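Next come the chains, spelled out residue by residue.
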Amino acid sequence: MTNSNSRDPSSDLQKYGVPFYGAGWVPCNHVRSKLTSQEKNEEDNKEDKDPTQSKDDEITTSQNYVVLAGGGGEGHSGIPNALVVSHVDFASNSLSDQPVFKLGTGSDLPYRMTVHPRGDGIICALQQSCRLFEWEEYEGNEVHKLGVKVSEKILTQLEDVGQQLALTFNSEGSILAVGGEDGSLRVFKWPSMEVILNEAKAHSSIKNLDFSYDGKFLISLGSGLCRIWDVTSSKVVASLAKGNDEVFAFCRFSQINDKKPVLYIAAVTDHGGSILTWDTTTWKRMRSNQVVREAISAFNVSADGKFLAVGTVGGDLSIINSSNMRVQMMVKGAHLGLVTALTFSQDSRALISASMDSSARVTLIKDKTKSGGMSWLIIFMVLLAIAVYFMK
């Protein structure tokens with residue numbers, strides 16, 4: 001079932017002393033644009049620089065960052081609550097040994113997080129409220145580095161609302177959806193925070209949320225049931241029920257190459273973890289594929305729709321090819337603890353994973369389609385050479 005199996009997970013894994021619950025890629029191009037627009041002096045220097053070698057281009061192409069969130073909670077465990085920014089080096093397939101930036105959040109545990117896709121910052125779900133953090137640039141050792149700070153903007157509509165378990169923006173970053181432990185579903189326009197939907201009892205508890213790529217639909221996943229909401233009308237257009245031995249865990253809309261979009265639901269069953277595929281027109285189940293033997297603890301889909309990522313309670317990591325739903329790449333023991341978060345880079349070339357064991361890991365995605373095609377070409381050339389030799 002597995003085409004690639006790595007058994008040396010230490011080379012691209014780092015521990016930062018914080019149990020992680022959330023992870024995301026920094027949209028560096030958008031962040032750089034916003035930070036640059038705030039620096040008046042840089043505007044005068046742009047015309048004097050070669051556009052192909054500008055400082056902006058150097059930073060956005062050579063520096064890739066991820067942001068991680070977590071901690072030990074509000075007790076006196078001695079484990080800090082923090083946001084951690086780490087640098088990613090694609091050449092060596094590694095994360096920086098030490099955080100590029102670390103911001104403590106005191107007694108507030110950032111239990112869930114979402115990164116704004118256009119650079120407006122990070123929203124974290126704390127115990128009772130949600131808080132906005134913004135990007136900032138600082139100089140260290142004569143090098144510009146990326147950090148975060150608490151925003152002056154207070155999300156009044158998300159103050160004293162209790163623990164939120166799901167946060168997500170639509171692909172354009174113009175709509176924010178928030179789901180609570182109490183089952184409440186709130187949807188806002190961003191950044192105005194104008195209320196689009198406020199459903200007090202959408203579920204008994206909301207575990208996951210996701211927008212369709214066109215922003216038309218929002219899926220909310222609760223205990224035993226998924227609801228599909230039309231964002232414009234704020235009405236439920238479909239309800240998806242689980243099977244007898246299924247527990248819905250995660251949900252993601254996706255495109256399969258350039259074909260019709262589909263909906264994936266990661267489910268825990270008596271036999272392990274399965275991916276359920278649903279038609280987004282009829283909202284009927286198309287197929288079910290068991291992909292791992294352990295319970296799924298984290299799930300995500302690449303932006304290009306080619307790959308699905310699954311993390312398990314045992315710390316394993318699997319990359320699944322969406323065209324045949326087979327495991328293309330597997331890392332046994334990627335983490336010592338259960339995998340809590342998975343996020344693909346925007347170009348779908350890499351995956352960041354995080355764990356309760358305070359570790360984070362970057363995994364480069366290997367495109368077996370290209371390498372497989374080259375292998376067949378080599379085999380064909382060898383066979384052709386042999387045939388020509390015996391024909392002499």
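Scroll up to find the structure this text is about.
The notes below deal with the structure included here. (Residues numbered from 1 in each chain as written. Predicted model: local features only at pLDDT ≥ 70, side-chain atom pairs only at ≥ 80, totals over all residues. Heavy atoms only, no water.)

Turning to the sheet that holds strand β23 (residues 285-292), a few remarks are in order. Reading across the sheet, the 4 strands line up as β20-β21-β22-β23 and stay open at both edges, with antiparallel pairing between neighbours. The two strands at the open ends of the sheet, each matched to only one other strand, are β20 (247-254) and β23. The average angle at which neighbouring strand axes cross in this sheet is 25 degrees, direction not considered. As paired strands, strand β21 (residues 262-269) and strand β22 (residues 272-279) are joined by 8 bridges and run antiparallel to one another. Residue Thr 269 lies in a different strand from β22, and its bridge partner there is Gly 272. (Pairing = 2+ DSSP bridges. Helix = DSSP H or I, 4+ residues; strand = E, 2+ residues; numbered from the N terminus. Axes fitted to C-alpha atoms, helices over the stretch in contact; angles between N-to-C directions.)

For the second largest pocket, the calculated volume is near 220 Å³. For the lining of the second largest pocket, the secondary-structure elements that each account for two or more residues are α1 (28-37) and β10 (130-140). With 4 residues, β10 is the largest single contributor of residues to the lining of the second largest pocket. Across the lining of the second largest pocket, the residue classes tally to 3 nonpolar, 3 polar and 7 charged. (1 Å grid on protein atoms, 1.4 Å probe; cavity = no way out; pocket = protein on both sides within 12 Å on 5 of 7 lines; lining within 4 Å. Points joined across faces, edges and corners; volume = space filled by probe spheres on them. Nonpolar A, V, L, I, M, F, W, Y, C, P; charged D, E, K, R; others polar.)

The next thing to look at is the nonpolar core. One broad trend across soluble globular proteins is that nonpolar side chains are buried collectively. Among the nonpolar cores identified, the biggest contains 21 residues, and Val 26, Val 67, Ile 122, Trp 135 and Val 148 are the most heavily contacted of them. When residues of this core are traced back to their parent elements, those giving at least two are α1, β4 (64-70), β5 (82-89), β7 (101-104), β8 (112-115), β9 (122-125), β10 and β11 (143-150). When sequence neighbours within four positions are dropped, the list of residues in contact with Val 148 reads Leu 83, Val 85, Phe 101, Leu 103, Ile 122, Glu 134, Trp 135 and Glu 136. The next biggest cluster of nonpolar side chains, apart from the first, holds 18 residues, and it includes Phe 20, Ala 23, Phe 90 and Val 362. (Core = buried A, V, L, I, M, F, W, Y, C linked by side-chain atoms within 4.5 Å. Buried < 20%, exposed > 50% of the residue type's maximum accessible area, 1.4 Å probe, protein only. Contact = heavy atoms within 4.5 Å.)

On the basis of which strands lie adjacent, the open sheet formed by 4 strands has the order β16-β17-β18-β19 and antiparallel pairing. Across the chains shown, the open sheet's two edge strands, defined by having one partner strand only, are β16 (206-211) and β19 (235-241). Strand-to-strand twist in this sheet, taken as the mean axis angle between neighbours without regard to direction, amounts to 20 degrees.

On to the side chain of Ser 358. Mapped onto the fold, Ser 358 is located in the loop between β29 (350-355) and β30 (359-364). Residue class for Ser 358 comes out buried when judged on its relative accessible area of 13%. Dropping the residues within four chain positions of it, Ser 358 is found in contact with Gln 14, Lys 15, Tyr 16, Gly 17, Val 18, Pro 19 and Phe 20.

Let us look at the pattern of salt bridges. Counted under the stated rule, the structure contains 8 salt bridges. A salt bridge links Glu 137 to Arg 32; its shortest N-O distance comes to 2.5 Å. Here Glu 137, found in strand β10, pairs with Arg 32, found in helix α1; they are 105 residues apart in sequence, far enough to count as distant. A single burial state applies to Glu 137 and to Arg 32, both of which are buried. Residue Asp 279 is joined to Lys 260 by a salt bridge in which the shortest nitrogen-to-oxygen separation is 2.9 Å. One end of the pair, Asp 279, is in strand β22; the other, Lys 260, is in the loop between β20 and β21, with 19 residues separating them in the sequence. What makes Asp 279 buried here is its relative accessible area of 11%. (Salt bridge = Lys/Arg side-chain N within 4 Å of Asp/Glu carboxyl O.)

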